[in-house]
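# Residue-level structure breakdown
Residue strings, one per chain:
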Amino acid sequence: MGVLLSQISIVLSGLVAGMLLWSVIGGVPWMRQLQASEYVRLHQYWSPRFDPLAPIMIVGVLACDVALVFLAPTRDSRFLLSFLIVALLAIIVISATRNARLKRTVMTLDPDDLPQDWPERDPRPAFGRWNLTRTVIAVLVFLGNVEAMAVYTV
């Protein structure tokens, strides 16, 4: 059972890390280059396509890693998995309190009638910073899950 849960955790955490890494390398820089109205249109187009997927995958990784803590054969592997659980919770907190809040604001905007104070309210810089933070954590979680798999295949 530990091998299967570990494999699922690796696949899901790899998908999350890859999706977030794409956004850091391509998505966010692209959006920063767009005019405000085009940025809002693009964000409104792709947010509904990504938003349901990422949280489901993150919760899936979290569930697998929590179960693996109880199945882990060594104290070191339990420590690693506990660290990964804390890291996943950090991603969830950042996503819910920072990135999702910024996304919700953009989703309510009319791209053809942006607020007068748009230059001060433009969420792209803050979104980019928080997105980079959770991407680094997600990549570390993926690498940690690969390492955790080693205890089940030895």
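Residues numbered from 1 in each chain as written. Predicted model: local features only at pLDDT ≥ 70, side-chain atom pairs only at ≥ 80, totals over all residues. Heavy atoms only, no water.

### Considerations on the overall build of the protein chain
Note the threshold: Helix and strand labels come from DSSP, where a helix needs a run of H or I of at least four residues and a strand needs a run of E of at least two; each type is numbered from the N terminus. In these tables, accessible area is a Shrake-Rupley quantity obtained with a 1.4 Å probe, and a residue counts as shielded only by the protein chains included in the view. Under this rule, positive means Lys or Arg and negative means Asp or Glu; His and the chain ends count for nothing. Note on charges: their place is set at NZ of Lys, CZ of Arg, CG of Asp or CD of Glu.
Secondary structure summary: the protein chain contains 6 helices and 0 strands in total. For the protein chain, the succession of helices and strands along the chain, N to C, is α-α-α-α-α-α. If one aligns the C-alpha atoms of the protein chain with their principal axes, the spans along those axes are about 60 × 20 × 20 Å. Of the accessible surface of the protein chain, which amounts to about 8,600 Å², a share of 68% is contributed by carbon and sulfur atoms. Distance between charge centres in the protein chain, computed from 13 positive and 11 negative side chains, equals 6 Å.

### Focus on the side chain of Ser47
Worth spelling out the cut-off: Using a 1.4 Å probe on the protein chains alone, a residue whose accessible area is under 20% of its type maximum counts as buried, one over 50% counts as exposed, and one in between counts as partly exposed. Working rule for contacts: check all heavy atoms of both residues, and any pair within 4.5 Å makes them a contact.
Residue placement: Ser47 occurs in helix H2 (residues 36-50). With a relative accessible area of 1%, Ser47 lands in the buried category. The contact partners of Ser47, leaving out residues within four places of it in the chain, are Pro52, Lys103 and Met107.

### What about the environment of Tyr152?
On the secondary structure map, Tyr152 appears in helix H6 (residues 124-153). Looking at Tyr152, the relative accessible area reads 16%, which means it is buried. Here the alpha-carbon distance between Tyr152 and Leu88, two residues 64 residues apart in the chain, equals 21 Å. Not counting residues up to four positions away in its chain, the partners in contact with Tyr152 are Gly2, Val3, Ser6, Leu68, Leu71, Ala72, Pro73 and Leu81.

### A word on the pattern of salt bridges
Inclusion rule: When a carboxyl oxygen of Asp or Glu is within 4 Å of a side-chain nitrogen of Lys or Arg, the pair counts as a salt bridge.
Under the criterion given, the structure shown has 5 salt bridges. Ionic pairing is found between Lys103 and Asp51, a salt bridge with its closest N-O pair at 2.7 Å. Placement of the pair is Lys103 in helix H4 (residues 75-107) and Asp51 in the loop between H2 and helix H3 (53-71), with a sequence separation of 52 residues. Overall, the relative accessible area of 15% leaves Lys103 in the buried class. In the salt-bridge network here, residues are joined through shared partners; they are Glu38, Arg41 and Asp112.

### Considerations on the environment of Leu21
Counting through the fold element by element, Leu21 comes out in helix H1 (residues 2-33). Taking relative accessible area as the criterion, Leu21 reaches 37% and is therefore assigned partly exposed. With 116 residues separating them in the primary sequence, Leu21 and Ile137 have C-alpha atoms 11 Å apart.

### Here's the deal with the nonpolar core
Our working rule: Each nonpolar core is a collection of buried residues, namely Ala, Val, Leu, Ile, Met, Phe, Trp, Tyr and Cys, held together in the definition by side-chain atoms within 4.5 Å.
Counting residues in hydrophobic clusters, the biggest one holds 27 residues, and the most contacted among them are Val16, Leu81, Leu88, Ile91, Ile137, Ala138 and Val141. Looking at this core, the element that brings in the most residues is H3, giving 8 residues. Excluding residues that lie within four positions of it along the chain, Leu81 makes contacts with Asp65, Leu68, Val69, Ala72, Asn145, Ala148 and Tyr152. Membership of the second largest hydrophobic core comes to 9 residues, among which are Ala36, Tyr39, Val40 and Leu42.

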